[in-house]
Amino acid sequence: DEYMAKTMFAVKDEYDLVEPVLSDFGQTIQLEAKRRGDDEDGRLYTIQATSEDLARNKTSATASVIIPHD
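Residues numbered from 1 in each chain as written. Predicted model: local features only at pLDDT ≥ 70, side-chain atom pairs only at ≥ 80, totals over all residues. Heavy atoms only, no water.

Draft legend 1. A look at unusual backbone geometry. The backbone phi angle of Asp16 is positive, close to 55°, even though this residue is not glycine. Relative to the elements of secondary structure, Asp16 occurs in the loop between strand E1 (4-13) and strand E2 (43-53). The residue Arg56 is not glycine, and still its phi comes out positive at about 70°. Residue position: Arg56 is located in the loop between E2 and strand E3 (58-67). (Helix = DSSP H or I, 4+ residues; strand = E, 2+ residues; numbered from the N terminus.)

Draft legend 2. Quick peek at the pattern of salt bridges. Per the counting criterion, the structure on display carries 5 salt bridges. The shortest N-O distance in the salt bridge between Lys12 and Asp16 comes to 2.3 Å. Three or more residues are tied together by salt bridges with common partners; here these are Lys12, Asp16 and Glu19. (Salt bridge = Lys/Arg side-chain N within 4 Å of Asp/Glu carboxyl O.)

Below is the structure:
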């Protein structure tokens, strides 16, 4: 979009092991579909996109992915 200055992406793994680099919307995100045996609420990944327009207005969107416990 001609009015957007930049978009930044971040993936946070609650185990601090998998943090793929994202560069654009529509990109496939490679996450590890494993969780620790003692992790009762499942492994949590948080994916965030933050965009800034030319006037420096920012907006963010966040999505969560949980690898459930059996």
